[in-house]
Amino acid sequence: MALDPVILAQDLIRCPSVTPIEGGALDLLQSTLEEMGFKCTRLPFSEEGEDDVDNLYARLGTAEPNLCFAGHTDVVPVGQEDLWSSHPFHAEIHEGMLYGRGASDMKGAIASWVAAISSVLEEMGTPNGSISLLITGDEEGPSVNGTVKMLPALAAMGEKLDACITGEPTNPKVLGEMIKIGRRGSVNSYLTIHGVQGHVGYPHLADNAAHRLVSILKGLTDWEIDQGSDHFQPSTLAVSTIDIGNPTTNIIPGIAEATYNIRFNDLHTSETLIAKMHEMIKEFGGEDVNYELECKVSGESFLTPPGQLSDLVSDACQEVLGIRPELSTTGGTSDSRFIKDYCPVLDFGLVGQTMHQVDECVAVDDIVKLRDIYAHIMKNYFD
């Protein structure tokens, strides 16, 4: 009998797998997949200064092509538990909605994919190729011991992915309305201005770090980075912190700090943007500005051009829902930013309206329909 995606989703949600804790979710998936004939490989990784993370790769079949599903069983913390309508890890259903941390992001999609495999195997038998799952426990965390390390490890083992669907919640309001065929790049910047502390009554004897910082941030926030590209919105810059740390009103600060993020499209690389930032800091802060700029790149922008893979998912949505999805690159990032270096990849999953929120939930009917969409994708892919 084919697996029930809703029951599997409930079972996964009941595993309290807050990053980096495995919480039993990977164990549950492994046992379920092994019963279906999958060969499962656990891939734990470590790095100094970071939490150890366990990951799972499962493959059914040995032939090509290999259609992969990428996802994560780790979830963000629940926040204020007393604000939830029901316990965040009890996976209760109320009025057609499944509640729980990870329901939308993204245990519901994992359950739909596994149930879809079960359905396809029951209906058609083993496909002419392979089906695999690449499941990390480090997507909601720093993403250093998860997918980014799994991919080269799998390549070293001789594993090749031919196409991949990442099950992130891509739909804003209605299942089937949006596929993510690319993602913006992201670079976090930590800017420190060093001046000379002094008395506010004698500003000529000091170098006001706050003044320089304010001028630089004004230039950065007024910067029209671009006007967008064929498949991307304009790149954006947002300041998230400004820190002076001045304990009194009569001291000119000698240090001022700010943090900001740039989400950028395919007209740029992180390298070109960082070089431009250095130019702008000197332009607006003065050629003699004494500064430090630390940049951490979360990922480069990427695009899987519309074509065979997006048509495959769009056709499945059309068949099941009667909806033709929009091909989009909006929103945040995903582990697809790592997978794109190995095979064509896109993101498609459930509705993301409540992800990371109190009372995260997803429609039970959507989990079932997503299973049907995923099943159509598999059948059409191997046909």
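Quick caveat: nothing in here was measured; it's all calculated off a predicted structure. In every chain, residue numbers begin from 1 and rise along the written sequence. Note on the predicted model: pLDDT of at least 70 is required for a residue's local features to be given, and 80 or more for side-chain atom pairs to be given and counted; whole-chain, interface and lining totals, by contrast, use all residues. Calculated side-chain values reflect all of the structure's heavy atoms, with hydrogen atoms and water omitted.

*Asks:* It is not clear to me how a nonpolar patch on the surface should be interpreted in this structure. Could you clarify?
*Replies:* Think of a patch as exposed residues, more than 30% relative accessible area, with no salt bridge, where like charges cluster within 9 Å and nonpolar side chains (Val, Leu, Ile, Met, Phe, Trp, Tyr) cluster within 5 Å. Where accessible areas are quoted, they stem from the Shrake-Rupley method and a 1.4 Å probe; at the residue level, only the protein chains shown are allowed to cover. Only one rule defines a salt bridge in this text: a Lys or Arg side-chain nitrogen within 4 Å of an Asp or Glu carboxyl oxygen. Residues Val 239, Ile 242 and Ile 244 make up a contiguous nonpolar surface patch of about 230 Å² in total accessible area. With a 1.4 Å probe rolled over the protein chains alone, any residue whose accessible area is under 20% of its type maximum counts as buried; one over 50% counts as exposed, and the rest are partly exposed. You can call Ile 242 exposed: its relative accessible area is 54%.

*Asks:* What exactly am I supposed to notice about the side chain of His 72 here?
*Replies:* Secondary structure elements are defined from DSSP: runs of H or I of at least 4 residues count as helices, runs of E of at least 2 residues count as strands, and each element is numbered from the N terminus. Relative to the elements of secondary structure, His 72 occurs in strand β3 (residues 66–72). A distance of 2.9 Å separates the side chain of His 72 from the backbone oxygen of Asp 74, its partner in a polar contact. At 3.3 Å, the side chain of His 72 and the side chain of Glu 139 are in polar contact. Here, two residues are considered to be in contact whenever any of their heavy atoms come within 4.5 Å of each other. When near neighbours in sequence (up to four residues on either side) are disregarded, His 72 contacts Asp 105, Met 106, Ile 110, Ile 135, Thr 136, Glu 139, Glu 140 and Glu 168. Nitrogen and oxygen atoms within 3.5 Å of one another constitute a polar contact, given that in protein one can donate a hydrogen and the other can accept it, and given that sequence-neighbouring residues count only through two side-chain atoms.

*Asks:* Honestly, the packing of helix α1 (residues 5–13) against helix α3 (residues 103–124) in this entry has me stumped. Any pointers?
*Replies:* The description of two helices packed together rests on the angle between their axes and the distance between the axes. Contact geometry for α1 and α3: axes closest at 8 Å, N-to-C directions at 135 degrees. Between α1 and α3, the angle is such that the two are oblique. Classified by chirality, the crossing of α3 by α1 is right-handed. The segment α1 lies against α3, with Pro 5, Leu 8, Ala 9, Leu 12 and Ile 13 engaging Ala 103, Lys 107, Gly 108, Ile 110, Ala 111, Ser 112, Val 114 and Ala 115. Amino acids outside the nonpolar list (Ala, Val, Leu, Ile, Met, Phe, Trp, Tyr, Cys, Pro) and the charged list (Asp, Glu, Lys, Arg) are all regarded as polar, and Gly is one of them. Each residue belonging to the contact of α1 with α3 can be placed in one class, and the counts come to 10 nonpolar, 2 polar and 1 charged. With axes taken as lines fitted to C-alpha atoms, and helix axes fitted only over the stretch in contact, angles between N-to-C directions fall between 0 and 180 degrees. Should an angle fall under 35 degrees it is called roughly parallel, over 145 degrees roughly antiparallel, and 65 to 115 degrees roughly perpendicular, with every other angle called oblique. Definitions for this section: a left-handed crossing has its near helix turned counterclockwise from the far helix by less than a right angle. A right-handed crossing has that turn clockwise.

*Asks:* Any chance you could explain the sheet that holds strand β4 (residues 93–94) here in plain terms?
*Replies:* Within a sheet, adjacent strands bond to each other through the backbone by hydrogen bonds, running parallel or antiparallel. The criterion for strand pairing is that DSSP finds at least two bridges linking the strands in question. Taken in spatial order, the 3 strands of this open sheet run β4-β5-β19, and their pairing is antiparallel. Two strands in the sheet have a free side with no partner beyond their single neighbour: β4 and β19 (361–363). The pairing of strand β5 (residues 97–99) with β19 spans 3 bridges and is classified as antiparallel. Note that in β19 the partner of Leu 98 across the bridge is Val 362.

*Asks:* Just checking my understanding: could you explain the layout of surface pockets for this structure?
*Replies:* Gaps between atoms show up when a probe of the same size as a water molecule is rolled over them. Here the term cavity refers to a set of points on a 1 Å grid, laid over the protein atoms alone, in which a 1.4 Å probe fits but cannot get out; the term pocket refers to an open set having protein on both sides within 12 Å along at least five of seven lines, with lining residues being those that place an atom within 4 Å of a point. Grid points are joined across faces, edges and corners, and a volume is the space filled by probe spheres set on the points. By volume, the largest pocket is sized at about 580 Å³. Contributing to the lining of the largest pocket are 28 residues, with Glu 139, Arg 263, Gly 332, Thr 333 and Arg 337 lying nearest its centre. When contributions to the lining of the largest pocket are tallied by element, the ones reaching two or more residues are β10 (185–194), β14 (255–264), β15 (290–299) and α8 (336–339). Within the lining of the largest pocket, the residues separate by chemical class into 7 nonpolar, 13 polar and 8 charged. Here the second largest pocket is characterised by a volume of approximately 170 Å³.

*Asks:* For this particular structure, what's the right way to read empty space enclosed by the protein?
*Replies:* Taken as a whole, this structure holds 1 cavity of 30 Å³ or more when the rule is applied. A volume near 30 Å³ is recorded for the largest cavity. The dominant element in the lining of the largest cavity, judged by the number of residues it contributes, is β3, at 3 residues. Looking at the lining of the largest cavity residue by residue, the classes come out as 1 nonpolar, 4 polar and 3 charged.

*Asks:* Just to check I follow, could you spell out the packing of aromatic side chains for this structure?
*Replies:* When we look at a pair of aromatic rings, we describe it by the centre distance and by the angle of the planes. Pairing of aromatic rings covers Phe, Tyr and Trp, the last through its six-membered ring, and needs centres within 6.5 Å; plane angles under 30 degrees mean stacked, over 60 mean edge-to-face, and all others mean tilted. According to the stated counting rule, one finds 4 aromatic pairs in the structure shown. When the centroid spacing of 4.9 Å and the interplanar angle of 20 degrees are considered together, the rings of Phe 69 and Trp 113 count as stacked. Of this pair, Phe 69 sits in strand β3 while Trp 113 sits in helix α3, and the two are 44 residues apart along the sequence. Looking at Phe 69, the relative accessible area reads 0%, which means it is buried.

*Asks:* Can you help me understand the pattern of salt bridges in this one?
*Replies:* Using the criterion set out here, one finds 18 salt bridges in the structure. Between Asp 54 and Arg 42 there is a salt bridge, with its nearest N and O atoms 2.8 Å apart. Residue Asp 54 is found in the loop between β1 (39–42) and β2 (56–60), and its partner Arg 42 is found in strand β1; the two are separated by 12 residues along the sequence. Note on Asp 54: relative accessible area 23%, which makes it partly exposed. Among the ionic pairs, Glu 279 bridges to Lys 276, the shortest N-O distance being 4.0 Å. Of this pair, Glu 279 and Lys 276 both sit in helix α6 (residues 270–285), 3 residues apart, which is roughly one turn of that helix.

*Asks:* Explain the nonpolar core here, please?
*Replies:* Soluble globular proteins tend to bury their nonpolar side chains together. Residues belong to one nonpolar core when they are buried, are Ala, Val, Leu, Ile, Met, Phe, Trp, Tyr or Cys, and are joined through side-chain atoms within 4.5 Å. Counting residues in each nonpolar core, the largest one holds 57 residues, and the members touching the most others are Phe 38, Trp 113, Phe 348 and Tyr 374. Per element, the largest residue contribution to this core is 10 residues, and it comes from α3. Of all hydrophobic cores here, the second largest spans 24 residues; its members include Phe 264, Ile 274, Met 277 and Met 280.

*Asks:* Which parts of the structure should I look at to understand the packing of α1 against helix α9 (residues 364–382)?
*Replies:* α9 packs onto α1 with a crossing angle of 115 degrees between their chain directions and a minimal axis gap of 9 Å. Considering the angle they form, α1 stands roughly perpendicular to α9. Where α1 crosses over α9, the two elements pack in a sense that is right-handed. Contacts between α1 and α9 involve Pro 5, Val 6 and Ala 9 on the former and, on the latter, Val 364, Ile 367, Val 368 and Arg 371. Of the residues belonging to the contact of α1 with α9, the class tally is 6 nonpolar, no polar and 1 charged.

*Asks:* What is the right way to read the pairing of strand β6 (residues 130–136) from this model?
*Replies:* In summary, the side chains of a regular strand alternate between the two faces of the sheet. Burial runs high along β6: 7 of the 7 residues are buried. Side chains of β6 alternate between two faces, with Ser 130, Ser 132, Leu 134 and Thr 136 and Ile 131, Leu 133 and Ile 135 buried alike. Relative to β6, β2 runs antiparallel, the two being bridged by 5 bridges. Note on β6: the bridge partner recorded for Arg 59 is Ser 132. Relative to β6, β3 is paired through 7 bridges, and the arrangement is parallel. The residue bridging Cys 68 from the neighbouring strand is Ser 132, located in β6.

Geometry only, nothing functional implied.
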